[in-house]
Amino acid sequence: MSSNRISDENLPAEQESAHAEVERADDPFANPGMPAHRPRIQDIDERAAKRSERAVAAMFTLSMLATIGFIASFVAFPVEKIVYIWPFGHVSALNFSLGLTLGVALFAIGAGAIHWARTLMSDVEITQERHPIEATPEVAAQAKKDFLLGSAESGFGRRKLIRNTMFGALAMVPLSGVVLLRDLGPLPEDKLRKTFWKKGLMLINQNTNEPLRPEDVTVGSLTFAQPEGLDDHNPDFNNEIAKAALMIVRIQPSEIKDKRELEWSHEGIVAYSKICTHVGCPISLYEQQTHHVLCPCHQSTFDLSDGARVIFGPAGHALPQLRIGVNDEGYLEALADFDEPVGPSFWERG
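Positions within a chain are numbered from 1, following the residues in the order the chain's sequence is written. Only residues with pLDDT of 70 or above have their local features reported here, since the model is predicted, and side-chain atom pairs are shown and tallied only from 80 upward, although totals for entire chains, interfaces and linings are computed over all residues. Calculation of side-chain values draws on the structure's entire complement of heavy atoms; hydrogens and water are dropped beforehand.

The name given to the protein chain in an unreviewed UniProt entry is Cytochrome bc1 complex Rieske iron-sulfur subunit, with the source organism recorded as Streptomyces niveus. UniProt positions are given in the numbering used here, feature names are shortened, and annotations may be inferred rather than shown by experiment. Word for word, the UniProt comment on the protein chain under Sequence similarities (unreviewed entry) is "Belongs to the Rieske iron-sulfur protein family." Regarding the protein chain, the UniProt comment filed under Subcellular location (unreviewed entry) reads as follows: "Cell membrane".

Next up, the structure:
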């Protein structure tokens, strides 16, 4: 049985060449080759190259100025200052200025580097065949040679204006991070040791916003209170209530085990900080039979009949107690501030 197909080796020379061209045309992975290199205007005109150099230096200089503006913003704008900026509306002047200046500083460095690479660094494409991962001495020497050649072609050593302004921009941008680390917030000073409470302030029911009388607190109930004069219109309300929030519980005086707790109470009404001493969660669960309160976050449990000591969980120390009494009008009042810091332990607890 014969075949009409003629093998390639038996084709005439002309037909073999035509057959090869057809195969190359059908090959989707044929190497199209490198396009001809077209020089940029900066490659042939030194004045254009100087303009590009000045443009890159201007971007790096802009980055330095923006970094200075970032740092100056911390001094110029108070945290509470609100300004109207179209189209964003009312925004924090400090946050807006910090974001704007830091964004400009980083963008200018990136834009300057890209413009430098596209207009002044060599753009000649070089192909290199794949090679084993381990470099031979010849390849290592060639890599070093290529690096030195690329450094020379980039103009890094010759174009001192670009080099110096780039170093300046890169050196100043990290200062933004230094300022951020330094100014994460105001120094605490003794703010962690003091709360809004002081002698004579009445205990205000957080639900009704009315002063509490002893008869308002029944045995087995749990009431939350805040200091007189502290309301949600206070600009520092959140910071103050986070330290001053109280739990009010009434226990039969005969069931109070801790002597100081009994002395600091009024007819069995005890006032303890609502802030857990583990990580500062608000305590809200009370078991009236055992007089235990439970933090819902990590299950730290405190015994309110025994100085609010920790009986379970990760909390490190008892809840601080507020000494209370009754004023001339019959309302519960504080007789002093807490005698120790409220909330989680901190490094200066003494």
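Attention now moves to the overall build of the protein chain. From N to C terminus, the protein chain includes eight helices and 13 strands. Contacts spanning at least 24 positions in sequence make up 61% of the contacts within the protein chain whose residues lie at least 6 apart. Values of accessible area rely on a 1.4 Å probe in the Shrake-Rupley scheme; residue burial ignores everything except the protein chains shown. Accessible area for the protein chain stands at about 22400 Å²; split by element, carbon and sulfur atoms hold 58% of it. Only DSSP runs of H or I reaching four residues or more are called helices, and only runs of E reaching two or more are called strands; each is numbered from the N terminus. Contacts: residue pairs with any heavy atoms within 4.5 Å of one another.

Moving on: the sheet that holds strand 10 (residues 309–312). Taken together, four strands build an open sheet; the order of strands is 7-8-9-10 and the sheet is antiparallel. Single-partner strands in this sheet number two, and they are strand 7 (285–287) and strand 10. Recorded for the sheet is a direction-independent mean angle of 30 degrees between the axes of neighbouring strands. Here three bridges tie strand 9 (residues 301–303) to strand 10, and the two strands are oriented antiparallel to one another. Considered in strand 10, the bridge of Phe-302 is made with Val-310. In this scheme, strands are said to pair when DSSP sees at least two bridges between them. Note on definitions: angles span 0 to 180 degrees between N-to-C directions of axes, and those axes are lines fitted to C-alpha atoms, for helices only across the stretch in contact.

Moving on: the packing of aromatic side chains. Pairing of aromatic rings covers Phe, Tyr and the six-membered ring of Trp, with a centre-to-centre limit of 6.5 Å; geometry is then stacked below 30 degrees between planes, edge-to-face above 60, and tilted otherwise. Applying the stated rule across the entire model yields two aromatic pairs. Arranged with centres 5.6 Å apart and planes meeting at 70 degrees, the rings of Phe-70 and Phe-74 form a pair that is edge-to-face. Of the two residues, Phe-70 and Phe-74 are both situated in helix 3 (residues 46–76); the distance of four residues between them amounts to about one turn of the helix. Note on criteria: charge over ring means Lys NZ or Arg CZ within 6 Å of the ring centre, with the direction from the centre no more than 35 degrees off the ring normal. The ring of Trp-264 is capped by Arg-260, whose NZ or CZ atom sits 4.1 Å from the centre of that ring. Directly above the ring of Phe-224 sits Lys-274, whose terminal nitrogen or CZ lies 3.9 Å from the centroid.

On to helix 5 (residues 137–154). Multiply 1.5 Å by the residue count of a helix minus one, and that product is the helix's expected span. If you check helix 5, its first and last C-alpha atoms are 26 Å apart, about what 18 residues at 1.5 Å a residue would give, namely 26 Å. In the segment just after helix 5, Gly-155 is the residue with positive phi, at about 75 degrees.

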